[in-house]
Each structure stands twice: as structure tokens, then as C-alpha cells.
Protein chains: 2
Amino acid sequence: MYIHQVAAYLPSAVVTNEHFTRLNGLSHEWIIERTGIRERRKAAVGENTNTMAIEATNRVLAASPEIPASSIDLIVGGTYTPHDTIFTMAHAVQHAIGVTDIPVVSISSACSSLLNAIEIVEGYFALGKASRALVVVSEHNTAYNNEDDTVAGHLWGDGAAALIITKERLAPTDLRMRDLITGGAAPVGKASIAVTLKPVERGIVMPFGKDVFIHACQYMARVTRDILERNQLEVSDVSYLIPHQANLRITKNVLQQLGLPEERAVSNIDFLGNTGCAGAAIGLADTWNQLQAGDHVVITVFGGGYSYGAMLLDRE
Amino acid sequence: MYIHQVAAYLPSAVVTNEHFTRLNGLSHEWIIERTGIRERRKAAVGENTNTMAIEATNRVLAASPEIPASSIDLIVGGTYTPHDTIFTMAHAVQHAIGVTDIPVVSISSACSSLLNAIEIVEGYFALGKASRALVVVSEHNTAYNNEDDTVAGHLWGDGAAALIITKERLAPTDLRMRDLITGGAAPVGKASIAVTLKPVERGIVMPFGKDVFIHACQYMARVTRDILERNQLEVSDVSYLIPHQANLRITKNVLQQLGLPEERAVSNIDFLGNTGCAGAAIGLADTWNQLQAGDHVVITVFGGGYSYGAMLLDRE
């Protein structure tokens, strides 16, 4: 299967670190040093997970005139910041593109949902139940975030991305999905309490950020090595590593463990913050035009709960 | 693939119609006439979607001593009433059974999530990425419901169910999953507004119940006919029809359209209310011991958003 196209949508309002200096006394330098985040985007009034997902979908379809919306036969949405858990994100996208009678489902494995969503598509393709899927990842973190939380309130940003995934190769620029690993790690460390979003009780909280940090670094490095090894590739074969965009220090730690130079990593943390399961897909959209034949791309993710994964993509 | 075992968990507290008479002046007779609901269960303080999912999981594993928890290699959770969208239901179940490094994901297609979850399992089995899955469906409707809502506040109940699904047949009582159809119908009718759960804004509301009613009746009858037809079965071959447990009038309407006698339908609406995506799975658990060799069971669902589906099961 192939990633045929990818596009991102980012809301226009920018929230700089100075906002959190005014609110909570956190200095720009303090935030930068601990997270690498300079600014993040915030959805406007009236925008939400579903509207951002639709914007990203419209963009990816506009970039793929050879794929009429009517040919889409599966929609998988990923988010942990749902606007509506009944008229879900996948339903909103289906409503927007007007295609009936195709499987649609929304999922969450927190920040690693992108790879779970693509693995679900892989399954539908294997069953012969679909061959042209839309995967849409969208997070409206600011709807659930408590800005006054000095531990994690400054981390989160909003954004979305959409991917067209096809069973057959349609264009020379398609990225072949060569391998994909996902895994839950809920029994590990403080997974059940380290970072949570309980919609009824309160928003996103991260009382054990250090536990998340340690396991994110370990798992993303390990699963990247695993996927390379089982595909007979070396770390040095990786043209671009796109890690989950949580924290620049996590990315740097993963690079160091792998022995990859910093320029091989894709990063949008500095201007987007943590955009949840959309972050790595936005990173892929940003990298798309730089990819050359022969390039290998690894997307690796880690999510609260915990979950992890890695996907190996080839530009052939 | 086979459903090897199923078990339900219901919280112990019972909420009778008299509660809504006291609260909103709705009479027992009025509620019975319009919905068929006599009472529903309510999760206790400290219970939630995740704890109920774990209870159902413990029961299904206890009923299957030949399946050690350590052999489970995939967990798919379904809910539209999440306790935590980061440490999701599937993560909570993984945490409880202590199995690491297996795919886990939670999904929502509202009340039709059971069949989407099983279809995702079907995909993992086709890929060879799993062979013994746990599907867990759990709804904590009372956490999101507004009891004062005279339109829909009296409809909802809490409950959960868990299924062990295996690639190979393990026991004579296994139900063969012969066919499965799911579909989204978000472009249809008032799908985007008829029934919604926006965690940030408000709980479950159903401003266009009639639109839901009409489409639930149409889609569940149609997809049941479709799945029978493509498997060369007649309606009269159906031993048990287990529809989504939303409203007794919907069930009766579907039976009438199909020409099936009432005793062929499984119903728990009268004592559980609408338990969301758990309802049909609880119905299967209740029916399990009555099933005989040669029986055909159809589970058909319809969910807000909209989504629908049907699954054909054979006791061989």
C-alpha cells in the first residue's frame, strides 16, 4: 500500500510563549529550554477537531485531482480531543465529502493514533474491503487544555492532517508503506496515570511527565531499530526520521540513541507545540516535497496510555 | 474467525422509571409506551467505562480457562462515553491483563462500534498480525447524560461486554463469523445533528430522535436483508436477530419489515435501556447458552452519526 498524498491544516491564531509568561510567569527561555516550543496554533471560535479534519481533507483531495472524493472507500479518523464522540471525526469527514455506505470509524491510541489508523487501513486492504482510504488525524488540544496548568498547559497546540492511502501505486511520488509496527504498553511504568484526558472530570493533565519522557525516548528508539532491522536497513539508511512531536528534548534523545544527525529529523515542535496524533503527519506533509527516489522515511510515535509504533516508508 | 466466548458486566444500581416521574413528571406508562424501557443500570461512584470494561474482560477470561490472558494478541475497545481518551479503554484492559507489546486501540462509531471493532479484528487476522483478540464494548452513559432532559434523559443505561475472538475454531460452541458489513451514513438525513455527544459543550442530546428512529429502522432491516441475501439465506433461517438495543419500537419495526416473529428477537431494552455499543453484545451474552448447532444469528446495529452494520454468525 502507498501514501499517495498528505496535507495539513493549521489554524491561523498563534500563541507565543509570552502568553504563558503573562498568565503563569513561565519565561520564554524556560519553555524553550525544556520543550523547544516557541509558539503553537489555536483553533478559532467555531473551529474544532471535526472542522479541522474537514479542512485537511479538502486540502489533500485538492492536491489529488486524480482521486475523486467519490472513489474513497474507507475513512479512519484519529483524535484524543474529540469534538463529538457520536458524530465522530470520521463521520464529519464522510458528511463533508458526501460518500455513503463506506466503513468509517474514529479511533484513539492518544498521540500514536496515526499509525494505528494506518494499520487499520492495512487490514481493510488485506480483506479486500477497501482500496482507497482517507486517514485523518486532528487535535483540538486547546479545547481540553488548562492554560493555567504550569506543568503542561504550555505544551499543546491545535492542528490536523489528512492522508490518501491507496492499495495500488498511482504516482511516482507515492510512498510505499513497507512495514508498520504498533504496540500498546499500558502495563509499563506509570502509563495509567502519567498523562490523561478525562472529559467528564477535567482536561489534559500530565502529573508524571518524566515517566512519559523516559518511555517515549526508549520506545521510539527501540521500535525504530526494530523496524529497520527486520527490513535489513541500517540507521544510516534513514533519510528522514519523523518522531511524534512532543518535545524537542525527546527528539534529540532519540536521535542520540540512534546515532542519527539532527538534520535527518523532522521537527515542527518549535512552531506548533504538541499537536498530538497530528504532529507526525504534519511533519510528513512538510517533508513531502523534499523526498527523493531511494529515500527511506521512518515515522515513529509514542502516546500516553502508553502506545508506540513505527512505520517504514520508501520513495521508490 | 470465531467468537469463542462473550460475557457482560452490569453495574448493580437500578434506576426505575419512577425516578424520571419524580424528576421530570414522565410517567412509567409514557416511557414504556414510547421506548419499552422499564429500568436501566447506573454505574456506581468510582465505576466508569474503563472499570466496567475490565470487569467484562475478567468475566470472559474466567469463562475461558483454556485462553490464558497472556495469549491475547490484540485489544479493540469500543465506546462513545470515554472515561479517558488518552489512557483509553483498550489501554485500561491491557493494563489489567498485563500483556505488553500487542496492538491496542479504542474506537467510536457510536452505537455501532461493536461491529466496527470486530471488522478491525478481522483485518488484523487477515494480516497475520493477531489471532486471539479481545473486543470490549463499554458505555458509561450516565456520566454524560442529563437526567433532566425530558426528550432523551430517560433512555440511557450503563453496561459492558467483552468477547474473545479467535482465528481458529477452539470449541464446539464457537460461533463462526461468516460475514460482516459495516457502513457509515453520515451524509444521510440529519446525521450530523440528530444525536450528538460533545464532551466540552454538553452531554448526550438527541434533538431529532424521529430522524434517528426512521433511519435506524430502515438501515437495520436493509443491512440484515443484504447480509442474508449474499449468504444465500432466507429471513426464516435466522434463529436469533440481535438488533442494537435503542428502543423496543425500533426492534418491533425491524421485525415487522423483515417478517420475523417477535420471539426471534433478542431484547434487553426493558431492563437495561440503551447501553450504546454494548447493548447487542450483552444480548449475545444473554443468548449464548440457548444457541444450538445449525443456528444462524444476525447482529445488526445502527448508531448516531450515522453508522450501521450487520454480522452473520453460525453455530456449526
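Residues numbered from 1 in each chain as written. Chains lettered and ligands numbered in written order. Predicted model: local features only at pLDDT ≥ 70, side-chain atom pairs only at ≥ 80, totals over all residues. Heavy atoms only, no water.

1. Some details on the overall build of chain A
For chain A, the count of helices and strands is ten helices and 13 strands. In terms of C-alpha radius of gyration, chain A reaches 18 Å, essentially the compact-globule figure of 20 Å for 316 residues. Reported as C-alpha extents along the three principal axes, the dimensions of chain A are approximately 55 × 45 × 35 Å. When burial is assessed residue by residue, chain A has 66% of its 316 residues classed as buried. Carbon together with sulfur atoms contributes 48% to the accessible area of chain A, which is approximately 10,400 Å² in total. Here chain A contributes 24 positively and 33 negatively charged side chains, and the mean placements of these two sets differ by 4 Å. (Helix = DSSP H or I, 4+ residues; strand = E, 2+ residues; numbered from the N terminus. Rg over C-alpha atoms; globule rule 2.2 N^0.38 Å. Buried < 20%, exposed > 50% of the residue type's maximum accessible area, 1.4 Å probe, protein only. Areas by Shrake-Rupley, 256 points an atom, 1.4 Å probe, with all protein chains shown as cover. Lys, Arg positive; Asp, Glu negative; His and termini not counted. Charge placed at Lys NZ, Arg CZ, Asp CG, Glu CD.)

2. Thoughts on the interface of chain B and chain A
Counting residues at the interface gives 59 residues for chain B and 59 residues for chain A. Of the roughly 4,600 Å² buried where chain B meets chain A, counting both sides, 60% is carbon and sulfur surface. Taken as a group, T85, I86 and P187 of chain B account for 14% of the area that chain B buries against chain A, more than any other trio of residues on that side. Taken together, the links from chain B to chain A amount to four salt bridges. (Contact = heavy atoms within 4.5 Å. Buried area = accessible area lost by both parts, 1.4 Å probe. Salt bridge = Lys/Arg side-chain N within 4 Å of Asp/Glu carboxyl O.)

3. Overview of the domain arrangement of chain A
Residues and elements named next belong to chain A. What the domain assignment lists for chain A is domain 1 (2-166) and domain 2 (175-315). Distance between the C-alpha centres of domain 1 and domain 2: 16 Å. Each partner contributes to the roughly 3,600 Å² buried at the junction of domain 1 and domain 2, and carbon and sulfur atoms together form 69% of this total. Ranking the residues of domain 1 by area buried against domain 2 places I3, C111 and L115 at the top, with a combined share of 18%. Counting the contacts that link domain 1 with domain 2 gives zero salt bridges. Counting the contacts that link domain 1 with domain 2 gives 13 residue pairs in polar contact (both at pLDDT 80 or more). Counting residues per element, the ones that place at least two in the side of domain 1 that touches domain 2 are β1 (2-9), α2 (28-35), β3 (39-42), α5 (113-127), β6 (132-140), α6 (141-144) and β7 (158-166). When the residues that make up the side of domain 1 that touches domain 2 are grouped by side-chain class, the tally is 22 nonpolar, 15 polar and eleven charged. (Domains from an automatic or database assignment. Polar contact = N/O pair within 3.5 Å; in protein donor to acceptor, adjacent residues only side chain to side chain. Nonpolar A, V, L, I, M, F, W, Y, C, P; charged D, E, K, R; others polar.)

4. Some details on the relation of the copies chain B and chain A
Of the transformation placing chain B onto chain A, the axial shift is 0.0 Å and the rotation is 180°, giving an RMSD of 0.0 Å. A rotation of that kind, with that shift, is consistent with a two-fold axis. (Least-squares fit on C-alpha atoms with pLDDT ≥ 70 in both.)

5. Observations regarding the UniProt feature "domain: Beta-ketoacyl-[acyl-carrier-protein] synthase III C-terminal" (unreviewed entry) in chain A
Here, UniProt's "domain: Beta-ketoacyl-[acyl-carrier-protein] synthase III C-terminal" (unreviewed entry) annotation points to residues 228-313 of chain A. As annotated, residues 228-313 of chain A comprises 30% helix and 22% strand, and the C-alpha atoms at either end are separated by 11 Å. (UniProt positions renumbered as here; feature names shortened; annotations may be inferred.)

6. Points about the pattern of salt bridges
Tallying each qualifying case throughout the model produces 16 salt bridges over all chains. Overlapping salt bridges, with partners in common, bring together R169, R176, R178, D314 and E316 of chain A in one network.

7. Thoughts on the UniProt feature "domain: Beta-ketoacyl-[acyl-carrier-protein] synthase III N-terminal" (unreviewed entry) in chain A
With numbering aligned to this structure, UniProt lists the feature "domain: Beta-ketoacyl-[acyl-carrier-protein] synthase III N-terminal" (unreviewed entry) at residues 107-168 of chain A. Segment residues 107-168 of chain A splits into 31% helix and 32% strand. End C-alpha atoms: 25 Å apart.

8. As for the environment of L170 of chain B
Residues and elements named next belong to chain B. Residue position: L170 is located in the loop between β7 (158-166) and β8 (175-184). In this structure, the C-alpha to C-alpha distance between L170 and S236, residues 66 residues apart in sequence, is 29 Å. Ignoring anything within four residues of it in the chain, the contact list for L170 reads H4, I67 and R132.

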